[in-house]
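# Per-entry structural report
Here are the chains, one letter per residue:
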Amino acid sequence: MTAHFANVEDARRIARRRLPKIFFDYIDGGSSAETTLEANTGDFARLRLHQRVLAGLAPRDLSSEYLGQRQRLPFMLGPVGFLGLFAGRGEILAARAAHAAGIPACLSNFSIASLDDLRRAGCDGPLHFQLYVLKDRGLATEFLAAAERAGVETLHLTVDTAVTGIRERDARNGFRAAVRIGPRMGLGFAMRPAWAFDVMRAGRPGVGAVRGRAEFGANILAQAATLSRLIDPTLSWADVDWLRERWRGRMTIKGILHPQDAVRAKAAGVDAIVVSNHGGRQLDGARSTISALPGIVRAAEGLEVLLDGGVRRGTDVVKALALGASGVLLGRAYAWGVAAGGEAGAARVIALLAEEIDVTLALMGLSSVDALKRLGRDALTALDEPGFTDRLAPTGGRGSAPSPV
Ligand SMILES: Cc1cc2nc3c(=O)[nH]c(=O)nc-3n(C[C@H](O)[C@H](O)[C@H](O)COP(=O)(O)O)c2cc1C
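Residues numbered from 1 in each chain as written. Predicted model: local features only at pLDDT ≥ 70, side-chain atom pairs only at ≥ 80, totals over all residues. Heavy atoms only, no water.

Naming follows an unreviewed UniProt entry, where the protein chain appears as Alpha-hydroxy acid oxidase of Antarcticirhabdus aurantiaca.

Here is the structure:
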């Protein structure tokens with residue numbers, strides 16, 4: 001597949017043409033009224049970057065330190081379930097694109113390819129794994145063993161899915177409720193023959209992490225429904241301690257949106273947190289991640305903080321880093337890339353964002369991501385939004401760069 005598009009929104013449009021509606025809506029949609037989904041992107045637009053000139057710029061260095069490593073770019077691929085349904089071998093293609101660009105890829109617990117599949121397919125770069133703790137802790141222990149075997153560097157424990165948000169687009173399309181392909185779904189697939197050929201050629205899809213376990217159901221739809229049902233709604237901080245004892249590698253909690261939860265996570269001894277509202281797919285009405293970030297960074301001082309949600313542009317990444325994120329995770333941005341153009345599509349999204357970050361830094365008079373992080377919140381101004389502005393009051397900068405006037 002080739003991938004000619006000029007920005008992430010273009011990739012989304014191509015994905016819409018290629019995918020059956022049921023899967024496009026599954027990626028694109030949020031929960032209930034989709035207010036949080038909209039806030040995630042909308043609040044980025046409420047921040048304005050400071051333009052600086054005549055800075056005698058050197059070539060920019062986009063490398064960035066997060067999760068214990070210096071990575072070539074300040075963003076990585078976050079966990080997105082069922083990528084292998086958006087393009088044949090989608091998880092493998094995404095990981096290849098990430099590794100070629102020198103960034104980590106995180107495999108979702110709900111993926112078609114397993115960690116072993118990725119390694120067997122020659123994905124030998126940095127891999128992360130996202131875990132949902134199921135009611136059956138034995139299964140969680142097995143997932144951890146598989147992650148250890150595959151040399152996973154960082155485990156992301158997702159905690160914002162105690163119950164699944166109400167996704168009205170999915171309900172309308174009959175996704176998640178269905179346990180087999182009905183006539184309407186079949187017709188939707190038949191209307192996208194190129195997609196169908198591509199996905200079916202990769203083999204009969206199923207959830208890789210529970211392959212061979214008949215109790216999860218006979219096909220991907222049944223497996224997805226069973227797995228969602230089995231996510232443990234009683235998960236608590238005690239389980240974080242349980243996991244911390246069993247997982248010796250680096251570990252984050254993904255899905256923190258409140259400063260007090262960030263403080264609690266720090267006390268639990270995790271290495272980092274991911275400020276996330278699951279891309280506006282869970283609590284509708286929750287605040288945007290970018291607006292929550294400054295308060296969380298302040299409350300959990302000393303704890304590494306990453307962010308995801310609504311990142312569609314290099315400028316979004318720059319804004320998150322300025323507000324204290326060590327790195328950023330992509331979700332829909334690269335999922336659309338995979339759906340639009342497979343490995344080339346994911347690579348194109350990564351390259352576009354990298355280019356946008358490079359140009360943005362240059363026009364801000366900054367020669368590196370590190371310089372941006374040092375400048376911190378003095379790199380931008382918030383438009384007059386109650387609750388946003390007071391949190392972003394100038395601090396005088398965290399570094400040596402001059403304060404904009
Ligand atoms: C189609 C789709 C599937 C997702 N699956 C998972 C998942 O399996 N595990 C998880 O922790 N997060 C999952 N997420 C949430 C993402 O990791 C991330 O938090 C979110 O997509 C960020 O928002 P953005 O897509 O607006 O960038 C999923 C998101 C999407 C769009």
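A few words on helix α16 (residues 332-363). Given 3.6 residues per helical turn, the α-helix brings residues three or four places apart onto the same face. The terminal C-alpha atoms of α16 lie 27 Å apart, and with 32 residues this falls more than 12% below the ideal 46 Å at 1.5 Å per residue. Where α16 bends most, at Gly-341, the angle is about 140°. With 23 of its 32 residues buried, α16 lies for the most part within the structure. Gly-365, located one to two residues past α16, shows a positive phi value of around 75°. (Helix = DSSP H or I, 4+ residues; strand = E, 2+ residues; numbered from the N terminus. Expected span 1.5 Å × (residues − 1). Bend = angle between axes of the 7 residues up to and from the residue. Buried < 20%, exposed > 50% of the residue type's maximum accessible area, 1.4 Å probe, protein only.)

Residue position: Leu-139 is located in helix α7 (residues 137-149). Each C-alpha atom, one on Leu-139 and one on Val-210, is 9.1 Å from the other, the two residues being 71 residues apart in sequence. Once residues lying within four places of it in the same chain are set aside, the contact partners of Leu-139 are Leu-134, Arg-213 and Phe-216. (Contact = heavy atoms within 4.5 Å.)

Among the five residues of strand β10 (residues 304-308), five are classified as buried, and the element is accordingly described as predominantly covered. Burial along β10 is two-sided: Glu-304, Leu-306 and Asp-308 facing one way and Val-305 and Leu-307 facing the other are all buried. With four bridges connecting them, strand β9 (residues 272-275) and β10 associate as parallel partners. In the strand pairing of β10, Val-274 is matched with Leu-306. (Pairing = 2+ DSSP bridges.)

As a further point, take the state of the cysteines. This model, assessed by the stated rule, comprises zero disulfides. For Cys-106, which is in no disulfide, the shortest distance to another cysteine sulfur is to Cys-123 and amounts to 14 Å. (Disulfide = S-S within 2.5 Å.)

Close to the ligand lie 21 residues; Pro-79, Ser-108, Thr-158, Asp-308 and Arg-332 are nearest. Within the side chain of Ser-108, one N or O atom sits 2.7 Å away from an oxygen atom of the ligand. One of the side-chain N or O atoms of Gln-130 is found 3.0 Å from a nitrogen atom in the ligand. Its residues assigned to classes, the shell around the ligand shows six nonpolar, 10 polar and five charged. (Near = heavy atom within 4 Å. Polar contact = N/O pair within 3.5 Å; in protein donor to acceptor, adjacent residues only side chain to side chain. Nonpolar A, V, L, I, M, F, W, Y, C, P; charged D, E, K, R; others polar.)

A few words on the pairing of strand β7 (residues 154-158). With five of five residues buried, β7 is to be regarded as a mostly interior element. Following the chain from strand β6 (residues 127-131) across α7 to the adjacent parallel β7, one finds a crossover that is right-handed. Both β7 and strand β8 (residues 250-256) contribute to a ladder of five bridges, which runs parallel. Considered in β8, the bridge of Leu-155 is made with Met-251. (Right-handed = clockwise from strand over helix to strand, strands pointing away.)

A separate point is the confidence of the model for the protein chain. The pLDDT averaged across the protein chain works out to 92; a share of 94% of its residues lies at or above 70. Ignoring residues within four places in sequence, the model shows residues 393-405, a span with pLDDT below 50, making 23 contacts including any to other chains. (pLDDT = per-residue confidence, 0-100.)

This paragraph deals with helix α3 (residues 35-44). When we look at burial in α3, the residues that qualify are Thr-36, Leu-37, Asn-40, Asp-43 and Phe-44. Buried residues along α3 cover an arc of 150° about the axis, so they all sit on one side. Buried-residue contacts for α3 involve α2 (21-28), β1 (47-49), α14 (289-299), β10, α15 (314-322) and α16. (Arc of directions from axis to C-beta.)

What follows is about the environment of Asp-61. Mapped onto the elements of the fold, Asp-61 is located in the loop between β1 and β2 (64-66). Here Asp-61 falls in the partly exposed class, since its relative accessible area comes to 37%. What Asp-61 contacts, discounting residues up to four positions off in sequence, is Ser-367, Ser-368 and Val-369.

In this section: the packing of helix α1 (residues 8-18) against α16. Close contact between α1 and α16 brings their axes to 10 Å; oriented N to C, the two are set at 170°. Taken together, α1 and α16 sit at an angle that is classed as roughly antiparallel. Contacts between α1 and α16 pair Val-8, Ala-11, Arg-12, Ile-14, Ala-15 and Arg-18 from the former with Ala-333, Trp-336, Gly-337, Ala-339, Ala-340, Val-349 and Leu-353 from the latter. Classifying every residue of the contact of α1 with α16 by side-chain character gives 10 nonpolar, one polar and two charged. (Axes fitted to C-alpha atoms, helices over the stretch in contact; angles between N-to-C directions. Parallel < 35°, antiparallel > 145°, perpendicular 65-115°, else oblique.)

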